[in-house]
Amino acid sequence: PLVIELPPYRIPKFKNFAKSLLINAKEFIVRICSVVFLIALAISVFSKTSFSLNYVGDNFKESILYYIGRCFSFITAPIGVNDSRISTAIISGFLAKEGVLTTLITLFGDAELNLSFSSLFALATFIYLYTPCVTAIYAVGLEIGKKFAVKFAVIQFLIAILSSYLAYYVINYPLILVIVTAVIVTALIIFKGKK
């Protein structure tokens, strides 16, 4: 039989614990701040520049970001979010999830989002569930394989879209929840009866 001898476990010294905690916290803060800074810088530049590389100032509808966000607005339009700045924020979340908030703060400044509760809840659901950052997908690809990483990213993105749509429509139309629940329960009863 396989015999593995375990070393004696001891409570770590507070000094070693605090030192390790400080080193890891410093690395995390430096990494987060650098990513957030780079995203904020890119958003600032692209929101003030047109495709012809002219300065557009506060006229966001002529900027590069406006057109990029409009290309991806099909994701957020069904949940009542038609602002291309929010679509742009979602795109920056693929680089790092911290980028979503950074982009929203950079593009909106002191202005309000002007979203209904159902749209805001659906948007938060989407942001919480959609594909993690590129670094996480890359790590999954290294550990498990590139094909699985791509499938993982696509499936998670589709689940996020469907969940946000469901959240939006359930809040706006509660009867949908009753109907969907009734259909699922009926299907389960029929399926169980056939066994």
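Rules used in this analysis
- Residues numbered from 1 in each chain as written.
- Predicted model: local features only at pLDDT ≥ 70, side-chain atom pairs only at ≥ 80, totals over all residues.
- Heavy atoms only, no water.
- Helix = DSSP H or I, 4+ residues; strand = E, 2+ residues; numbered from the N terminus.
- Rg over C-alpha atoms; globule rule 2.2 N^0.38 Å.
- Buried < 20%, exposed > 50% of the residue type's maximum accessible area, 1.4 Å probe, protein only.
- Axes fitted to C-alpha atoms, helices over the stretch in contact; angles between N-to-C directions.
- Parallel < 35°, antiparallel > 145°, perpendicular 65-115°, else oblique.
- Left-handed = near helix turned anticlockwise from the far one by under 90°.
- Contact = heavy atoms within 4.5 Å.
- Nonpolar A, V, L, I, M, F, W, Y, C, P; charged D, E, K, R; others polar.
- Core = buried A, V, L, I, M, F, W, Y, C linked by side-chain atoms within 4.5 Å.
- Expected span 1.5 Å × (residues − 1).
- Arc of directions from axis to C-beta.
- 1 Å grid on protein atoms, 1.4 Å probe; cavity = no way out; pocket = protein on both sides within 12 Å on 5 of 7 lines; lining within 4 Å.
- Points joined across faces, edges and corners; volume = space filled by probe spheres on them.

Draft legend 1. Region of the structure containing the overall build of the protein chain. When helices and strands are tallied, the protein chain shows 9 helices and 0 strands. Along the protein chain, helices and strands appear, N-terminal first, in the series α-α-α-α-α-α-α-α-α. Radius of gyration (C-alpha) of the protein chain: 23 Å, far over the 16 Å computed for a compact globule of 195 residues. Burial statistics for the protein chain: of 195 residues in total, 28% are counted as buried.

Draft legend 2. Looking closely at the packing of helix H6 (residues 117-129) against helix H8 (residues 146-172). Between H6 and H8, the shortest axis-to-axis distance is 8 Å and the interhelical angle comes to 160°. It follows that H6 is roughly antiparallel to H8 by the angle criterion. Crossing of H6 against H8: the hand is right-handed. Residue-level contacts link Phe117, Ser118, Ser119, Phe121, Ala122, Thr125, Phe126 and Leu129 of H6 to Gln156, Phe157, Ala160, Ile161, Ser163, Ser164, Ala167, Tyr168, Ile171 and Asn172 of H8. Its residues assigned to classes, the contact of H6 with H8 comprises 11 nonpolar, 7 polar and no charged.

Draft legend 3. Expanded view of helix H4 (residues 84-92). Among the 9 residues that make up H4, 7 are buried, leaving the element largely enclosed by the rest of the structure. Listed as buried for H4 are Ser84, Ile86, Ser87, Thr88, Ala89, Ile90 and Ser92. The inward-facing, buried residues of H4 abut helix H1 (14-47), helix H2 (64-71), helix H3 (73-76), helix H5 (98-108) and H6.

Draft legend 4. Focus on unusual backbone geometry. The phi torsion at Leu53 lies on the positive side, around 60°, for a residue other than glycine. Looking at the secondary structure, you find Leu53 in the loop between H1 and H2.

Draft legend 5. Structural view of the nonpolar core. If you look at the biggest cluster of nonpolar residues, it comprises 17 residues, and the most contacted ones within it are Ile79, Ile86, Leu104, Phe126, Tyr130 and Phe157. Taken together, the elements giving at least two residues each to this core come down to H4, H5, H6 and H8. Among the elements that make up this core, the one with the highest residue count is H8 (4 residues). Tyr130 has contacts with Ile90, Gly93, Phe94, Lys97, Val100, Gln156, Phe157 and Ala160, leaving out every residue within four places of it along the chain.

Draft legend 6. Representation of the environment of Val134 within the structure. Inspection of the secondary structure assignment puts Val134 in helix H7 (residues 134-143). Beyond its immediate chain neighbours, meaning those up to four positions away, Val134 contacts Phe94 and Leu95.

Draft legend 7. Quick look at H6. With 13 residues, H6 extends 18 Å from end C-alpha to end C-alpha; this agrees with the ideal 18 Å at 1.5 Å per step. Every buried residue belonging to H6 is among Ser118, Ser119, Ala122, Leu123, Thr125 and Phe126, and all of these are buried. Looking straight down H6, one finds that the buried residues subtend no more than 160° of arc, so they occupy a single side. Turned more than 90 degrees away from the buried face of H6, the exposed residues are Phe117 and Tyr128. On its buried face, H6 is in contact with H3, H4 and H8.

Draft legend 8. Molecular detail of the layout of surface pockets. By volume, the largest pocket is sized at about 170 Å³. What lines the largest pocket is Ile39, Ala42, Ile43, Phe46, Leu65, Ile68, Thr88, Ile91, Ser92 and Leu95. Of all the secondary-structure elements, those providing two or more residues to the lining of the largest pocket are H1, H2 and H4. For the lining of the largest pocket, the element with the highest residue contribution is H1, accounting for 4 residues. Class assignment of the residues belonging to the lining of the largest pocket gives a composition of 8 nonpolar, 2 polar and no charged.

Draft legend 9. View of the side chain of Thr125. Locating Thr125 in the fold gives a position in helix H6. The contacts of Thr125, once residues within four sequence positions are left out, are Ser163, Ser164 and Ala167.

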